[in-house]
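# Descriptive analysis of the structure
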Amino acid sequence: MKLGVVGLPNVGKSTLFNAITNAGAQAENYPFCTIEPNTGVVMVPDSRLNVLAEMYHPKKVTPTTIEFVDIAGLVKGASRGEGLGNKFLSHIREVDAIVHVVRCFEDDNIIHVDGSVNPARDIETINLELIFADMDTVQRRKEKALKSFRGGDKSSGAEADLAEKLYAHLESGKPARTYNADKEEREIMSGWFLLTTKPVIYAANISEDDIGKDESEIPFLNEVKKIADDEGAGMIVISAAIEQDIAQMAPDEKAEFLADLGIGQSGLDRLITACYRLLGLISFLTVGEDECRAWTITEGTKAPQAAGKIHTDFEKGFIRAEVVPYDTLIENGSMAACKEKGLVRSEGKDYVMKDGDITLFRFNV
């Protein structure tokens, strides 16, 4: 999973991305590697793996990962070439979801690019740049479809009609993800790779002093929440400055610090959880003396396709999946005990995987 971190200058985007980077580089539970200067890979925290590691003492424990991309150049006029122009558009096209950092704090020492703190205006600025870029894409698609239609390809008529309706929707200032498309329209739109169809999580960046307060007492949060609700987007409240401090702490120190603040999880942990929920992702687990590992799949994935995440041969030669829920394994203490009680199920190719399924795939190639 690849997430693009966007935001106007001086809203805390770089601070948050640096916190993600430091988390990987210095905190034991977030191994990190740099692929490019603006890209970081962070391990997804999963307490179930820690419990399974105590049970199996494997040679290796492998959590699943999330890749964060710091997308620079997103400023007013970017869709027309301002800032890094088209470069940021290509970066956004490559991500699965967008983390939109929004400034929700006052600080006279940090100048806002537009002169004042106004989350609704900032969100609109970035959303409009993405909408303008999508309008260009949709217009080109319409012209191409009309040309094909006039040339005798009658199937292009539906694409031209959709382009016209979607263009009007975008022109009204609404992202493509809020367009009420039917099944056929969704299939057509999937090939257009529009920026505003991507799921969004708004990360409301608050001051350190506001951590632990009731959210109704924190300035600007209601504005961001209303926009997120109207769009069907996700939202988390985070303090990028605090996250940068947390990322440099040892695990024990981090836990104590979070307890003192009155929050159970770091913002990074909550961001990852929110991204999983937004994208409809779950994890199944494989266990053994060699490795305990988490694997990310989309909710609704069937057993053979889940097996294919491990190796394509597992999917091609799929016979069955031997499955026991995580809670059942922990409750009974061992896989052997689960087998004795008949709690390990044998599932076929139509089985839909569940979050926390501990699975052994049987296959023959």
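Residues numbered from 1 in each chain as written. Predicted model: local features only at pLDDT ≥ 70, side-chain atom pairs only at ≥ 80, totals over all residues. Heavy atoms only, no water.

## Some words on the overall build of the chain
Note the following rule: Numbering goes from the N terminus for both helices and strands, where a helix is a DSSP run of H or I of at least four residues and a strand is a run of E of at least two. Partly exposed describes any residue whose relative accessible area lies between the buried limit of under 20% and the exposed limit of over 50%, with all areas from a 1.4 Å probe on protein chains only and scaled to the type maximum. In what follows, a contact means two residues having at least one pair of non-hydrogen atoms within 4.5 Å. Methods summary: accessible areas were calculated by the Shrake-Rupley approach with a probe of 1.4 Å, and residue burial reflects only the protein chains presented.
When you go through the chain residue by residue, the secondary structure sums to 14 helices and 13 strands. Within the span of the chain, comprising 365 residues, buried residues form 49% of the whole. A separation threshold of at least 6 residues defines the contact pool for the chain, and within that pool the share at least 24 residues apart is 68%. Working note: accessible area of the chain is about 18,200 Å², and carbon and sulfur atoms make up 47% of it.

## What about helix α10 (residues 267-279)?
To keep it simple, the criterion reads: Given the number of residues in a helix, its expected span is that number minus one, multiplied by 1.5 Å.
Helix length check: α10 (13 residues) gives 18 Å between terminal C-alpha atoms against 18 Å at 1.5 Å per residue, within 8%. Turning to α10, its buried residues are Gly-267, Leu-268, Asp-269, Leu-271, Ile-272, Ala-274, Cys-275 and Tyr-276. Immediately beyond the C-terminal end of α10, within one or two residues, lies Gly-280, with a positive phi of roughly 65°.

## Focus: the packing of aromatic side chains
Note the threshold: Paired rings are identified among Phe, Tyr and Trp, the last through its six-membered ring, by centres lying within 6.5 Å, and are further divided according to the angle between planes into stacked (under 30 degrees), edge-to-face (over 60) and tilted (the rest). We call a charge positioned over a ring when the NZ of a Lys or the CZ of an Arg lies within 6 Å of the ring centre and within 35 degrees of the ring normal.
Here the structure, examined in full by the defined rule, presents four aromatic pairs. Seen in terms of ring centroids, Phe-284 and Phe-361 are 5.8 Å apart; in terms of plane orientation they differ by 90°. Their pairing is edge-to-face. Remark: Phe-361 occurs in strand β13 (residues 357-363) and Phe-284 occurs in strand β9 (residues 281-286); sequence separation between them is 77 residues. Just as Phe-284 is buried, Phe-361 falls in that class too. Above the face of the Phe-149 ring, Lys-154 is positioned so that its terminal group lies 4.8 Å from the ring centre. Directly above the aromatic system of Trp-295 lies the positively charged group of Arg-293, at a separation of 4.0 Å from the ring centroid.

## Description of a negative patch on the surface
Heads up, the rule is: Residues form patches when they are more than 30% accessible in relative terms and have no salt bridge. Like charges link within 9 Å. Nonpolar side chains (Val, Leu, Ile, Met, Phe, Trp, Tyr) link within 5 Å. Whenever a carboxyl oxygen of Asp or Glu lies within 4 Å of a side-chain nitrogen of Lys or Arg, that contact is scored as a salt bridge. Asp and Glu count as negative and Lys and Arg as positive, but His and the ends of the chain are not part of the count. Note on charges: their place is set at NZ of Lys, CZ of Arg, CG of Asp or CD of Glu.
Taken together, Asp-252, Glu-253, Glu-256 and Asp-260 make up a surface patch of like negative charges. With respect to the helices and strands, Asp-252 occurs in helix α9 (residues 251-261).

## Some thoughts on the pattern of salt bridges
Under the defined criterion, the tally for this structure stands at 17 salt bridges. Residue Asp-290 pairs with Lys-59 through a salt bridge whose shortest N-O separation is 3.3 Å. Here the residue Asp-290 occupies a position in the loop between β9 and β10 (291-298), and Lys-59 occupies one in the loop between α2 (47-56) and β4 (60-62), the gap between them amounting to 231 residues. Both residues of the pair, Asp-290 and Lys-59, belong to the exposed class. Residues Asp-122 and Arg-121 are paired through a salt bridge, measuring 3.3 Å at the closest nitrogen-oxygen approach. Taken together, the shared-partner salt bridges connect Asp-46, Arg-48 and Asp-355 into one network.

## Some words on unusual backbone geometry
With the exception of glycine, most residues fall at negative phi, and the peptide bonds are largely trans. A positive phi angle, close to 45°, is found at His-57, a residue other than glycine. Looking at the element boundaries, His-57 is found in the loop between α2 and β4. Notably, Phe-220 is not glycine yet its phi reads approximately 75°, a positive angle. Looking at the secondary structure, you find Phe-220 in the loop between β7 (200-205) and α7 (221-231).

## Quick notes on the nonpolar core
Operational definition: Think of a nonpolar core as a cluster: buried Ala, Val, Leu, Ile, Met, Phe, Trp, Tyr and Cys residues, connected wherever their side-chain atoms sit within 4.5 Å.
Within the largest apolar cluster, 57 residues are counted, with the highest numbers of intra-cluster contacts made by Phe-68, Cys-104 and Tyr-202. Sorting elements by how many residues they give to this core places α10 first, with six residues. Sequence-distant contacts of Cys-104, that is, excluding residues within four places in its chain, are made with Pro-119, Ala-204, Asn-205, Ile-206, Pro-219, Phe-220, Leu-221 and Val-224.

## Thoughts on the environment of Ala-247
Position of Ala-247 among the secondary structure elements: in helix α8 (residues 240-247). The buried category is assigned to Ala-247, whose relative accessible area is 5%. Considered as a pair, Ala-247 and Ile-20 are 227 residues apart in the sequence and their alpha carbons are 7.2 Å apart.

## Observations regarding the confidence of the model for the chain
Quick reminder of the rule: What pLDDT conveys is the predictor's confidence in a given residue, as a value from 0 to 100.
In the predicted model, the chain carries a mean pLDDT of 86, and 88% of its residues have values of at least 70. pLDDT under 50 marks residues 23-37. Its contacts with residues more than four places away, or in other chains, come to 38 contacts.

## As for helix α4 (residues 119-150)
Counted at 1.5 Å a residue, the expected span for α4 with its 32 residues is 46 Å, and the 46 Å between its end C-alpha atoms agrees. Remark: Gly-152 follows α4 within two positions and exhibits a positive phi of approximately 110°.

## Here's the deal with the pairing of β10
Condition: A pair of strands is considered paired only if DSSP assigns at least 2 bridges between the two.
Summarising burial for β10: six of the eight residues are buried, a large majority. Here β4 runs beside β10; their pairing, made up of three bridges, is parallel. Across the sheet, the residue bridging to Thr-62 is Arg-293, located in β10. Looking at chain direction, β9 and β10 are connected through six bridges and run antiparallel. Residue Phe-284 lies in a different strand from β10, and its bridge partner there is Trp-295. Where β9 folds back onto β10 in an antiparallel hairpin, the turn is made up of four residues.

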